[in-house]
Amino acid sequence: MPQPKSIEISKVTRYQNAALNYYLGLTDSPYLHYGYWETLPVPADELTIARLRVAQQAYTVKLLDAIPKGTHTILDVGCGIGGNAAYLLDRGFAVEGLAPDPFQQQRFLKCTGDRAIFHLTRFEDFKATRFYDLILFSESSQYMSAVDIANGAAKILNQGGYIVLADMLRSDANYQEGMFSNCHVVTELHAALKQAGFTLVKTEDISAHIVPTIDLYVDTFRRYGLNTMIYVADLIAIAVPPVHKFLRWIFRRWFKKLVVEGLEASQIFEQHLCYEMQLWQLSKSDRG
């Protein structure tokens, strides 16, 4: 059986994927998304993995609430490991998943009990054989250009079909370098969708309900990830001092900036980004 073609992924995106895989291992959750904290935590001790799982379930419920009545067929673009798709399947929707990652394909099919078709491809390369009522971009818009999102969706949606897009977006267009710099600029994303024939039906900024997850990730990394790194480094310094010296040089040269930036993730998000849930509708007279 031929191996799937290798798909080039940007360095920023690969860093984010590494972080997602790290926290997926910590949470043991069927979801890869940030969740939606309905009740915001007050003391730091309320930031727990158990509460994150509750928040992730609440996020999926909120996605369901954003789906217009009359929707039946859904293409879940950047479907992750299938948590959202399984939830929607259980509620009677016909869902198909799409992602360019064989690992996600395996997890998606397992999570959905093989009830959904999975398309192993990039959205930009997707050759649809049908039209859909709705396309879902749940924390996946940042992996493709705004023009590809808009034009690609317009080609495969039924007339009057919808996009539900939920993701981090850059409210500050001048933020162009760093861990979240692959997120779309709000105004640029809107312009591309309008150009392709979409109308914004509604949008909701849920940034305040997302920040606790970023805080939890940072706190978890500081407590466990960073301390583990220090512990391992100390052991190497004792056992093999030359190796420790070399690794210390590598850390200062390539990784220190990433670690510092990761610990400042909440501040970066609050200064330069927002998290929105948007509902767009394609013109009923033109599919694009």
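In this text, all values refer to a predicted model and were calculated from it rather than measured experimentally.

Bringing the sheet that holds strand 3 (residues 117–120) into the picture now. Strand order in the open sheet made by the 7 strands is 3-2-1-4-5-7-6, with mixed pairing throughout. Two strands lie at the open edges of the sheet, namely strand 3 and strand 6 (198–205), each paired on one side alone. Taken pair by pair, the neighbouring strands of this sheet meet at an average axis angle of 20 degrees, ignoring direction. Sheet strands in contact with helix 2 (residues 49–66) are strand 4 (132–138), strand 5 (157–170), strand 6 and strand 7 (273–282), and its direction is about 30 degrees off that of strand 7. Relative to strand 5, helix 5 (residues 146–156) is tilted by about 155 degrees, and along the sheet it contacts strand 1 (73–77), strand 4, strand 5, strand 6 and strand 7.

Judged by nonpolar contacts, the single largest core of 45 residues is most densely connected at Tyr34, Ile74, Met168, Phe180, Phe269, Leu273 and Tyr275. Put simply, the parts of the chain that give this core at least two residues each are helix 2, helix 3 (83–90), strand 2 (94–99), strand 4, strand 5, helix 7 (207–239), helix 9 (265–272) and strand 7. Residue-level mapping places this core at the junction of two domains, with at least three residues from each of domain 1 (11–207 + 276–282) and domain 2 (211–268). Among all residues touching Tyr34, those that are not within four sequence positions of it are Leu52, Glu139, Met168, Phe180, Ile210, Thr213, Ile214, Tyr217 and Tyr275.

Turning our eyes to something else, we now look at the layout of surface pockets. A volume near 490 Å³ is recorded for the second largest pocket. When contributions to the lining of the second largest pocket are tallied by element, the ones reaching two or more residues are helix 7 and helix 8 (241–263). Sorting elements by how many residues they give to the lining of the second largest pocket places helix 8 first, with 11 residues. Grouping the constituent residues of the lining of the second largest pocket by class yields 13 nonpolar, 1 polar and 4 charged.

Unusually for a residue other than glycine, Asp114 sits at a positive phi of about 60 degrees. Tracing the sequence through the fold places Asp114 in the loop between helix 4 (102–111) and strand 3. Positive phi, close to 55 degrees, is recorded for Glu139, a residue that is not glycine. Its location among the elements puts Glu139 in the loop between strand 4 and helix 5.

Another point: a nonpolar patch on the surface. A surface patch of nonpolar side chains, amounting to about 450 Å² of accessible area, comprises Val240, Val243, Phe246, Leu247 and Trp249. Of note, Leu247 is situated in helix 8. For Leu247, a relative accessible area of 37% puts it in the partly exposed group.

A few words on helix 9. Residues Ala265, Ser266, Ile268, Phe269 and His272 constitute the buried set of helix 9. When helix 9 is viewed along its axis, its buried side chains cluster within an angular range of 165 degrees and face the same direction. Along helix 9, the residues that are exposed and aim more than 90 degrees away from the buried face are Glu270 and Gln271.

Working definition: an aromatic ring pair is given by the centre-to-centre distance plus the angle between the planes. One pass over the full model with this rule turns up 5 aromatic pairs. For the ring pair Tyr59 and Tyr275, a centre distance of 6.3 Å and an interplane angle of 80 degrees mean the geometry is edge-to-face. Placement of Tyr59 in helix 2 and of Tyr275 in strand 7 is noted, with a sequence separation of 216 residues between them. You'll find Tyr59 and Tyr275 in the same group, each marked buried. With 6.2 Å between their ring centres and 25 degrees between their planes, Phe246 and Trp249 make a pair best called stacked.

Turning to the packing of helix 5 against helix 6 (residues 186–195), a few remarks are in order. The N-to-C vectors of helix 5 and helix 6 enclose an angle of 30 degrees; their axes lie 8 Å apart at closest approach. By the angle class used here, helix 5 and helix 6 are roughly parallel. Note that helix 5 runs across helix 6; the crossing there is right-handed. Contact residues: helix 5 offers Ala146, Val147, Ile149 and Ala150, while helix 6 offers Glu188, Leu189, Ala192 and Leu193. When the residues that make up the contact of helix 5 with helix 6 are grouped by side-chain class, the tally is 7 nonpolar, no polar and 1 charged.

Analysis parameters
- Residues numbered from 1 in each chain as written.
- Predicted model: local features only at pLDDT ≥ 70, side-chain atom pairs only at ≥ 80, totals over all residues.
- Heavy atoms only, no water.
- Pairing = 2+ DSSP bridges.
- Helix = DSSP H or I, 4+ residues; strand = E, 2+ residues; numbered from the N terminus.
- Axes fitted to C-alpha atoms, helices over the stretch in contact; angles between N-to-C directions.
- Contact = heavy atoms within 4.5 Å.
- Core = buried A, V, L, I, M, F, W, Y, C linked by side-chain atoms within 4.5 Å.
- Buried < 20%, exposed > 50% of the residue type's maximum accessible area, 1.4 Å probe, protein only.
- Domains from an automatic or database assignment.
- 1 Å grid on protein atoms, 1.4 Å probe; cavity = no way out; pocket = protein on both sides within 12 Å on 5 of 7 lines; lining within 4 Å.
- Points joined across faces, edges and corners; volume = space filled by probe spheres on them.
- Nonpolar A, V, L, I, M, F, W, Y, C, P; charged D, E, K, R; others polar.
- Patch = residues over 30% accessible without salt bridge, like charges linked within 9 Å, V, L, I, M, F, W, Y side chains within 5 Å.
- Areas by Shrake-Rupley, 256 points an atom, 1.4 Å probe, with all protein chains shown as cover.
- Salt bridge = Lys/Arg side-chain N within 4 Å of Asp/Glu carboxyl O.
- Arc of directions from axis to C-beta.
- Phe/Tyr/Trp six-rings, centres within 6.5 Å; stacked < 30°, edge-to-face > 60°.
- Parallel < 35°, antiparallel > 145°, perpendicular 65-115°, else oblique.
- Left-handed = near helix turned anticlockwise from the far one by under 90°.

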